[in-house]
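So you can see what is in the structure, the chains are spelled out below.
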There are 2 protein chains.
Amino acid sequence: MKREEKIPARTIERLAIYRRQLLELKSNRLSHIYSHQLAELANNTPAQVRRDLMIIGCSGGNPKQGYGIDYLLNSINSILDNDKAGQIALVGVGDLGKAILSYSNYQRSTPSVAAAFDIDEEKIGKVIASCKCYPLSEMKTKVKELGITLGIITVPSVYAQKVTDKLVSAGVTGILNFAPATLRVPNNVFVERIDITMEIEKVAYFANEYSRLGK
Amino acid sequence: MKREEKIPARTIERLAIYRRQLLELKSNRLSHIYSHQLAELANNTPAQVRRDLMIIGCSGGNPKQGYGIDYLLNSINSILDNDKAGQIALVGVGDLGKAILSYSNYQRSTPSVAAAFDIDEEKIGKVIASCKCYPLSEMKTKVKELGITLGIITVPSVYAQKVTDKLVSAGVTGILNFAPATLRVPNNVFVERIDITMEIEKVAYFANEYSRLGK
DNA sequence: TATATAATGTAATCTTATTCACATTAAAGT
DNA sequence: ACTTTAATGTGAATAAGATTACATTATATA
Ligand SMILES: NC(=O)c1ccc[n+]([C@@H]2O[C@H](COP(=O)([O-])OP(=O)(O)OC[C@H]3O[C@@H](n4cnc5c(N)ncnc54)[C@H](O)[C@@H]3O)[C@@H](O)[C@H]2O)c1
Ligand SMILES: NC(=O)c1ccc[n+]([C@@H]2O[C@H](COP(=O)([O-])OP(=O)(O)OC[C@H]3O[C@@H](n4cnc5c(N)ncnc54)[C@H](O)[C@@H]3O)[C@@H](O)[C@H]2O)c1
């Protein structure tokens, strides 16, 4: 069991981004990178990059070549790919749910969507991107059977709480919620919300603000 | 031209959430609400709610009834629905793009998707949720014609920068980017990124963390 | 009309996140 | 081997954000 100092959420977000960039650099046969280059790719500052690396106890850089990409990847993986990460259940195979299911890029990373659930008879039994859709009644069984620990919620917001309760009682401890609803969960469960409508409103606001004041 | 003290991004995000909750309350015929109730609905604290309201110069609450819902809605609208907010162009009518197009809930709010763009011949000319798909060559014209000022990018990340450049040179000043790519824009253009893969990795990390330490 | 009550509005404080600044250092060139 | 150079690693400073705490206040009740 590891015993790092608690890592800030913002740092975790940036680590995920660094990792993606580093994987791309690696696939381009690069072996080293400077903090200012990674900062450029991740749209932040060199100091921020170095601080993030420091936070995860990563000090393998040297002034003449920067950081070894493999070294950085190992360090980041050791933080993000925690030993006991399970698979994902997606609930609500509508437009958005299907888009997420068909998106195959996260096959690379540890957690991937192992089962889908819906109430619509039409959808039950269908297979999307090699992921089968089950009725809600089978959730508990499938979650155990497939080692699922995470949930993605893409049902209409009225049903989001109901679905959450089911996921939690099946043993899920992390939820990514696309429904514009505030979810009530026990405090050993982590919920992250992606609110697309809110983001659009935010962009509208700041687009206006930026062009008024030139940033 | 308004002259508020610069409003923090976090406050803007929460205002968008308050507004949605308030609209729902209003549709349930409620007329007043206390900060602690709104906090409950928005998953934050009463003090945070009052502070946000204070930031936007909103002090119409009274100790016995709380805040008038109409009053709050007007105040929030006056901030978020800025006078010169335009329509939205969505670029990349793939799985995710289609999901966003078919999602009709933001018809309510000022900006809505007025045109879609794609390079795929198959998709050009199609109409999804009463929004027509045009070739990239018509972007400049359509942006002007339809009063578009915002863009949503749902193309593969390799093309994201190219598409951004086109949007910007057509006059767009705010972009919501779903591609896992860092975009380069002039600094009068605002970019917000939604990185679904990163969010999943974050949920995986904190789900583990929370269940290890009980929050 | 006076009193009690419970929520508001906000200054002050605390916390978290980011940036600065610089001494340290690893290699490349002389 | 010595000098130069440009990046690292990190304490200290600053900025941004959230929370606390409480004096103020609008109304219901006595
Ligand atoms: N599509 C978007 O662009 C978009 C944007 C913002 C927010 N959202 C939110 O994402 C969620 C999904 O949006 P969508 O456009 O995919 O909706 P959708 O109507 O296309 O899909 C919803 C799916 O959930 C299923 N469902 C309904 N109740 C269920 C239940 N109790 N258990 C299991 N499945 C159930 C339905 O059968 C359907 O397949 C909604 O909450 C929506 O508000 C979507
Ligand atoms: N679907 C998801 O769940 C998901 C998750 C995470 C990230 N993303 C990101 O969102 C973006 C879209 O994902 P998707 O699953 O919808 O992909 P998709 O392949 O289904 O759709 C991409 C669309 O963009 C169009 N396109 C390609 N190049 C273009 C160009 N130069 N100009 C205009 N249109 C162009 C294609 O014709 C296609 O219609 C990608 O960047 C992806 O990485 C998607």
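Rules used in this analysis
Residues numbered from 1 in each chain as written. Chains lettered and ligands numbered in written order. Predicted model: local features only at pLDDT ≥ 70, side-chain atom pairs only at ≥ 80, totals over all residues. Heavy atoms only, no water. Helix = DSSP H or I, 4+ residues; strand = E, 2+ residues; numbered from the N terminus. Buried < 20%, exposed > 50% of the residue type's maximum accessible area, 1.4 Å probe, protein only. Contact = heavy atoms within 4.5 Å. Areas by Shrake-Rupley, 256 points an atom, 1.4 Å probe, with all protein chains shown as cover. Domains from an automatic or database assignment. Least-squares fit on C-alpha atoms with pLDDT ≥ 70 in both. Near = heavy atom within 4 Å. Polar contact = N/O pair within 3.5 Å; in protein donor to acceptor, adjacent residues only side chain to side chain. Nonpolar A, V, L, I, M, F, W, Y, C, P; charged D, E, K, R; others polar.

### Some thoughts on the overall build of chain A
- If you tally the helices and strands in chain A, you get 8 helices and 9 strands.
- Counting only C-alpha atoms and orienting by the principal axes, one finds that chain A spans roughly 60 × 50 × 35 Å.
- Within chain A, buried positions represent 48% of all 215 residues.
- Sequence-distant contacts, at least 24 apart, represent 55% of the contacts inside chain A between residues at least 6 apart.
- Surface accessibility of chain A: about 10600 Å² in total, with carbon and sulfur atoms responsible for 50%.

### Digging into the domain arrangement of chain A
- Domain assignment breaks chain A into domain 1 (9-80) and domain 2 (87-198).
- Distance between the C-alpha centres of domain 1 of chain A and domain 2 of chain A: 31 Å.

### Examining the relation of the copies chain A and chain B
- Superposition record for chain A on chain B: RMSD 0.1 Å, screw rotation 180°, translation along axis 0.0 Å. What we have between these two chains is a two-fold relation.
- Most of the interface of chain A is mirrored in chain B, where 100% of its interface residues again form contacts.

### Considerations on the site of ligand 1
- Not every one of the 26 residues close to ligand 1 is listed here, only the nearest: L96(A), D118(A), K123(A), V155(A) and Y103(B).
- At 3.5 Å from a nitrogen atom of ligand 1 is found a main-chain nitrogen or oxygen belonging to I119(A).
- The backbone of A99(B) places a nitrogen or oxygen atom 3.2 Å from a nitrogen atom of ligand 1.
- Protein chains bury 87% of the 830 Å² of accessible surface belonging to ligand 1 in isolation.
- Mapped by element, the contributors of at least two residues to the shell around ligand 1 are α5 (95-102), α7 (157-170) and α8 (196-213) of chain A together with α5 (95-102) of chain B.
- At 3 residues, the largest contribution of residues to the shell around ligand 1 is made by α7(A).
- Split by residue class, the shell around ligand 1 holds 17 nonpolar, 5 polar and 4 charged.

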